[in-house]
Amino acid sequence: MERPPPLGPELRTLTIELRELYDEIADLLDRDQVERLPAYFTDDCLYQVISRENHDQGLPQATIFCDGITMLRDRVLALRQTQVYEPRHWRHFVSGVRVVSVDGDEIRAQANFLVTEAMSDAEPTVLLVGHYHDRLVRRDGVLHFRERSAVYDNYRVVRSLIVPV
Amino acid sequence: MERPPPLGPELRTLTIELRELYDEIADLLDRDQVERLPAYFTDDCLYQVISRENHDQGLPQATIFCDGITMLRDRVLALRQTQVYEPRHWRHFVSGVRVVSVDGDEIRAQANFLVTEAMSDAEPTVLLVGHYHDRLVRRDGVLHFRERSAVYDNYRVVRSLIVPV
Amino acid sequence: MERPPPLGPELRTLTIELRELYDEIADLLDRDQVERLPAYFTDDCLYQVISRENHDQGLPQATIFCDGITMLRDRVLALRQTQVYEPRHWRHFVSGVRVVSVDGDEIRAQANFLVTEAMSDAEPTVLLVGHYHDRLVRRDGVLHFRERSAVYDNYRVVRSLIVPV
């Protein structure tokens, strides 16, 4: 079996840029600033949180599914204005940010995520473990997500999944 | 909501330098070489391990609190010479090292940490999950911590917290 | 106690290259493409998965032990053709990739790993936590492992360990 060639300088720089972007989004989610999330997506974006089982079989059923920026903004609004839930604190651990391919203006990238959740009277637990499966494009030189699929390994989600991952 | 601009070359280099520093300290703690820790701090440093609840409300009560390099050195000495505890092995997972701001000579930076603890007859468990909240300055060109606050999400710490995080 | 000097530009670049390599291998293991693993090793390689207890005392007993590329290839073949086991999905979280030393043509490097395992009817759990202890050399300009020791903190391995870490 052959190995892929080592990264050239352009892919290396792109990988570093992507890691910064992934860490920036993880941080805003950890700070509960989800209102800032839509600014990272294109108008025609797909954002979803989906089980690996469904994703790998091409089944459309997703835990969170936003088709286009308007749905994503609506999701954030609903979260703040209509939903009632117990306060919780998340913390993202992102590992293995990698460029999968560059095809024309589109970059495919991926990373592993582990999200811990702390509620007011319980120890932090590992809430979700999975894999970002992303497609990105540049708009005015700045990277935006055309797709972010947060594909989780969990066979079920303990407690309800309310905010984006 | 606006996005912050992408990092310029100076902040990118600083982020890489910070990641090296964070990984270096995590490694010395994992190796139980805590005697080496004070060399990373300024004389007027603040080092603390504190719950998020207290930190966010500005309450001073911290699990470990060292005000100045002398207290930090004393803490390390006490740990080695006066305390008796069961051997344990820690492992740090640091994610999302980021520059928060640069203001004059002071850099504010942050990262998430997850620390596992293994004792001789039990599986490794997630001991602490939290967030480094740091202020750094250069001394002779080398980064030193003026403040390191290890702010944990846990609502309590299982077993006693003996060594710095 | 003195601090080591900050990394110069060569060690910084090498660290970035190593992180790419570690993430690449973690990804192929997460994808269950273990057939691709031997291409990252030298002919005279040592690959082992071993407990910290045995490793630190110099005891040879390892959970997986491959002395040379032929044994490593054989291990992969056995895994695919003769072993029967319940499907499982792993996810690697790698933190703290660092150069330990460069001595002639040999690079010593290390990183922490946390591996989660998801089976079809159970939540992902932390399967293994530990430390890569590696020696690498360049062959035709490309980094290869002369040794990879995956040293785990677990005092025992829950369920059997079938695939490389």
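Structure first, text after, so check above.
The rules behind the values
- Residues numbered from 1 in each chain as written.
- Chains lettered and ligands numbered in written order.
- Predicted model: local features only at pLDDT ≥ 70, side-chain atom pairs only at ≥ 80, totals over all residues.
- Heavy atoms only, no water.
- Helix = DSSP H or I, 4+ residues; strand = E, 2+ residues; numbered from the N terminus.
- Rg over C-alpha atoms; globule rule 2.2 N^0.38 Å.
- Buried < 20%, exposed > 50% of the residue type's maximum accessible area, 1.4 Å probe, protein only.
- Contact = heavy atoms within 4.5 Å.
- Areas by Shrake-Rupley, 256 points an atom, 1.4 Å probe, with all protein chains shown as cover.
- Lys, Arg positive; Asp, Glu negative; His and termini not counted.
- Charge placed at Lys NZ, Arg CZ, Asp CG, Glu CD.
- Pairing = 2+ DSSP bridges.
- Axes fitted to C-alpha atoms, helices over the stretch in contact; angles between N-to-C directions.
- Least-squares fit on C-alpha atoms with pLDDT ≥ 70 in both.
- Buried area = accessible area lost by both parts, 1.4 Å probe.
- Salt bridge = Lys/Arg side-chain N within 4 Å of Asp/Glu carboxyl O.

Q: Quick question: what am I supposed to make of the overall build of chain A here?
A: Counting its secondary structure elements, chain A contains three helices and six strands. Each helix and strand of chain A, ordered N terminal to C terminal, gives the series α-β-α-β-α-β-β-β-β. Expected size for 165 residues packed as a compact globule is a radius of gyration near 15 Å; at 16 Å, chain A falls within 12% of this value. Along the first, second and third principal axes, the C-alpha atoms of chain A reach 50 × 35 × 30 Å. The 165 residues of chain A split such that 58% are buried. Long-range pairs, those at least 24 residues apart, make up 59% of the contacts in chain A between residues at least 6 apart in sequence. Within the structure as shown, chain A displays about 7,500 Å² of accessible surface, and the carbon and sulfur contribution to it stands at 49%. A gap of 2 Å separates the mean positions of the 20 positive and 27 negative side-chain charges of chain A.

Q: Is there a simple way to think about the sheet that holds strand E2 (residues 64-67) of chain B in this case?
A: Picture the strands of a sheet paired through backbone hydrogen bonds; they go either parallel or antiparallel. Residue and element names in this part refer to chain B. What the six strands build is an open sheet, ordered E2-E1-E6-E5-E4-E3; its pairing is mixed. Across the chains shown, the open sheet's two edge strands, defined by having one partner strand only, are E2 and strand E3 (88-103). If you compare each strand with its neighbour and ignore which way they point, the axes differ by 20 degrees on average. Where helix H1 (residues 9-30) meets the sheet, its contacts fall on E3, strand E4 (106-119), strand E5 (125-139) and strand E6 (142-152), and the angle it forms with E3 comes to roughly 155 degrees. Along the sheet, helix H3 (residues 69-81) contacts strand E1 (41-51) and E2; its crossing angle with E1, the most-contacted strand, is approximately 60 degrees.

Q: When you look at the relation of the copies chain C and chain A in this model, what are you seeing that I'm missing?
A: With an axial shift of 0.0 Å and an RMSD of 0.0 Å, the rotation relating chain C to chain A amounts to 120 degrees. In the structure described here, the two chain copies are related by an operation that fits a three-fold rotation axis. For chain C, the smallest separation between a C-alpha atom and the rotation axis is recorded for C:Ser95, amounting to 4.3 Å. The share of interface residues of chain C whose copies in chain A are also at the interface is only 13%, consistent with the copies meeting through different surfaces.

Q: Sorry if this is basic, but what is going on with the relation of the copies chain C and chain B here?
A: Look at the two chain copies: a rotation about an axis and a shift along it is all it takes to match them. Once chain C has been moved 0.0 Å along the axis and rotated by 120 degrees, it coincides with chain B to within an RMSD of 0.0 Å. When the interface residues of chain C are mapped onto chain B, a mere 15% of them are again interface residues, pointing to distinct binding faces.

Q: Help me understand the interface of chain C and chain A in this model?
A: The accessible area lost on association of the parts is a frequent measure of interface size. Facing the 31 residues of chain C at the interface are 26 residues of chain A. Where chain C abuts chain A, roughly 2,500 Å² becomes buried across the two surfaces, and 52% of that area is made up of carbon and sulfur atoms. Area buried by chain C at its contact with chain A is led by C:Arg91, C:Phe93 and C:Glu123, which between them contribute 24% of it. At the junction of chain C with chain A, the criterion picks out four salt bridges.

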